[in-house]
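# Observations on chain architecture
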Amino acid sequence: FHNPDQIKVDTNLLSPTYTERFADRGFFIEFSSHVFSYPPSYTDTASVLRWQDIDSQYTAMRNDFEAFATTVGSFHFSKRVPDSTWSPVFKNLFYLYFDNYENINEVVNGM
């Protein structure tokens with residue numbers, strides 16, 4: 001998690017998630033290989049992708065992300081560093097964004 005300013009803490013004393021932290025962005029995820037199937041135009045731009053854009057050859061990964069979506073709701077991956085950049089280190093690095101604030105522990109443990 002990279003930006004503590006994006007974190008909200010549950011301060012409701014009666015809440016079952018009292019003092020737990022929530023965020024809707026700021027998660028990094030790095031894939032060990034090129035897992036997304038996307039148009040060539042995406043390789044030189046910042047891409048926004050869904051788990052459904054994962055190549056069909058990665059069946060287990062697609063199933064895991066589908067189950068994750070069932071647990072936490074809608075999310076997307078944002079490729080912030082284009083493939084054509086000077087460094088291949090970031091080629092498979094994505095930000096993970098959620099439509100709603102999610103419990104950070106559940107996100108981390110669910111991955």
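Residues numbered from 1 in each chain as written. Predicted model: local features only at pLDDT ≥ 70, side-chain atom pairs only at ≥ 80, totals over all residues. Heavy atoms only, no water.

### A few points about the overall build of the protein chain
Operational definition: Numbering of helices and strands starts at the N terminus; helices are DSSP runs of H or I of at least 4 residues and strands are runs of E of at least 2. Burial classification: accessible surface area is computed with a 1.4 Å probe over protein chains only, and a residue below 20% of its type maximum counts as buried, one above 50% as exposed, and the rest as partly exposed. Only heavy atoms matter for contacts: two residues are in contact if any of them lie within 4.5 Å across the pair.
A tally of regular secondary structure across the protein chain gives 2 helices and 7 strands. The order of helices and strands in the protein chain, counted from the N terminus, is β-β-β-β-α-β-β-β-α. Looking at the 111 residues of the protein chain, the share that counts as buried comes to 33%. For the protein chain, long-range pairs separated by at least 24 residues make up 56% of all intrachain contacts whose partners lie at least 6 apart in sequence.

### Some words on the sheet that holds strand β1 (residues 8-9)
Whenever strands of a sheet pair, they do so through backbone hydrogen bonds, lying parallel or antiparallel. Stated formally: At least two bridges found by DSSP between two strands are what make those strands a pair.
Spatially, 3 strands are ordered β1-β2-β7 in an open sheet, and the strand pairing comes out antiparallel. Strand pairing shows two members of the sheet lacking a second neighbour, β1 and β7 (102-103), which therefore form its edges. Strand direction decides the pairing type here: strand β2 (residues 21-23) and β7, joined by 2 bridges, are antiparallel. Across the sheet, residue Ala-23 finds its bridge partner in β7, namely Glu-102.

### Focus on the sheet that holds strand β6 (residues 93-98)
Stated formally: All axes are obtained by fitting lines to C-alpha atoms, using only the stretch in contact for helices, and the reported angles, taken between N-to-C directions, cover 0 to 180 degrees.
The strand order across the open sheet built from 4 strands is β3-β6-β5-β4, with neighbouring strands paired in antiparallel fashion. Edge positions in the sheet fall to β3 (27-30) and β4 (47-49), since each of these pairs with one other strand and no more. For this sheet the average axis-to-axis angle between neighbouring strands, irrespective of direction, equals 35 degrees. Two elements, β4 and strand β5 (residues 75-79), share 3 bridges in a ladder whose sense is antiparallel.

### Overview of the side chain of Asn-103
Mapped onto the secondary structure, Asn-103 falls in strand β7. Assessed through its relative accessible area of 4%, Asn-103 is described here as buried. Those residues in contact with Asn-103 that lie beyond four places of it in its chain are Thr-17, Glu-20, Arg-21 and Phe-22.

### What about the packing of aromatic side chains?
As a reminder, the rule being used: Any pair of Phe, Tyr and Trp rings, taking the six-membered ring for Trp, is counted once the centres come within 6.5 Å. Such a pair is stacked with planes under 30 degrees apart, edge-to-face with planes over 60 apart, and tilted for the rest.
In the structure shown here, the tally under the stated rule is 16 aromatic pairs. Judged by centre distance (5.9 Å) and plane angle (55 degrees), the ring pair of Phe-75 and Phe-98 falls under tilted. Here Phe-75, found in strand β5, pairs with Phe-98, found in strand β6; they are 23 residues apart in sequence, far enough to count as distant. Using a relative accessible area of 7% as the deciding quantity, one classes Phe-75 as buried. According to the relative accessible area criterion, Phe-98 is buried, its value standing at 5%. Plain terms: the ring middles of Tyr-95 and Tyr-97 are 6.1 Å apart, the flat faces sit at 75 degrees to each other, and that makes the pair edge-to-face. What makes Tyr-97 buried here is its relative accessible area of 18%.

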